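# Observations on the model geometry
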Amino acid sequence: MMRPLAGTKYSEIYPTALSIYKDIESRTKRRPYIRSKYFKKEKILLDYFWAHLREKNMHDRVRRLKYYLCALDLIENTMLKPYSQTNPMRKSEILHRFIGQIHTGELFYVQIKENKHKQKYFMSVFPA
């Protein structure tokens, strides 16, 4: 089980999360991604998360960024079936919600969006 990123302020957590993202981004010339065991090693694109995060208020950004490393680990390694449903806003999209647990037993959710072209995007992470 992973541990959330240390810190209580955005200025403490953001640089760590961004450096993890930049490390993954440097491995490819195109869009950054990780591969998921559950989706048979398909790519999960990571850049959508940062755009989604910018829409949130500062308190919510901190709350979500703390679980960034846990979310990446969950996406890469879980084989547990997610809760999946059609996006109520766009019928052509499917939202997959995975449940993870940190070392203290707290639960968190990771949401992945799949479009009609079967591309998958890491959309969000948040505590239960």
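Here's a quick rundown of the structure. Model, not experiment: these values are computed from the prediction.

## Structural notes on the overall build of the chain
Broken down by element type, the chain carries four helices and six strands. In summary, the chain has a C-alpha radius of gyration of 14 Å against a globular reference of 14 Å for 128 residues, a match within 12%. Considering only intrachain contacts with a sequence separation of at least 6, the fraction spanning at least 24 residues in the chain is 50%. Computed over 26 positive and 12 negative side-chain charges, the separation of the two mean positions in the chain equals 4 Å.

## Details of a positive patch on the surface
Taken together, the side chains of Lys29, Arg30, Arg35, Lys37, Lys41 and Lys43 define a basic patch exposed on the protein surface. On the secondary structure map, lysine 41 appears in the loop between strand 1 (33-36) and strand 2 (42-45).

## Thoughts on the sheet that holds strand 2
One open sheet holds the six strands; their spatial order is 1-2-6-5-4-3, and the pairing between them is mixed. Strands with a single pairing partner mark the edges of an open sheet, and in this sheet they are strand 1 and strand 3 (83-86). Within the sheet, the average angular offset between the axes of one strand and its neighbour, ignoring direction, is 35 degrees. In this sheet, strand 5 (residues 107-114) lies alongside strand 4 (residues 94-101) in antiparallel orientation, the contact comprising eight bridges. By the bridge assignment, isoleucine 99 is partnered in strand 5 with tyrosine 109. The strands that helix 2 (residues 47-54) touches are strand 2, strand 5 and strand 6 (120-127); relative to strand 6, the one it contacts most, it runs at about 45 degrees.

## Regarding the packing of aromatic side chains
As enumerated under the stated definition, the model contains 14 aromatic pairs in all. Relative to phenylalanine 122, the ring of tyrosine 68 lies with its centre 6.1 Å away and its plane at 35 degrees, an arrangement referred to as tilted. Linking tyrosine 68 in helix 4 (residues 68-77) with phenylalanine 122 in strand 6, this pair joins segments that are 54 residues apart in sequence. Site record: aromatic cluster; members linked through ring pairs are Tyr10, Tyr14, Tyr21, Phe49, Trp50, Tyr68 and Phe122. A cation sits over an aromatic face here: lysine 43 above tyrosine 33, 4.5 Å from the ring centre. One cation-aromatic arrangement involves lysine 120 over phenylalanine 39; the distance from NZ or CZ to the ring centre is 5.0 Å.

Parameters at a glance
Residues numbered from 1 in each chain as written. Predicted model: local features only at pLDDT ≥ 70, side-chain atom pairs only at ≥ 80, totals over all residues. Heavy atoms only, no water. Helix = DSSP H or I, 4+ residues; strand = E, 2+ residues; numbered from the N terminus. Rg over C-alpha atoms; globule rule 2.2 N^0.38 Å. Contact = heavy atoms within 4.5 Å. Lys, Arg positive; Asp, Glu negative; His and termini not counted. Charge placed at Lys NZ, Arg CZ, Asp CG, Glu CD. Patch = residues over 30% accessible without salt bridge, like charges linked within 9 Å, V, L, I, M, F, W, Y side chains within 5 Å. Areas by Shrake-Rupley, 256 points an atom, 1.4 Å probe, with all protein chains shown as cover. Salt bridge = Lys/Arg side-chain N within 4 Å of Asp/Glu carboxyl O. Pairing = 2+ DSSP bridges. Axes fitted to C-alpha atoms, helices over the stretch in contact; angles between N-to-C directions. Phe/Tyr/Trp six-rings, centres within 6.5 Å; stacked < 30°, edge-to-face > 60°. Lys NZ or Arg CZ within 6 Å of the ring centre and 35° of its normal.

From the geometry alone we can't say anything about function, so treat these as descriptive.
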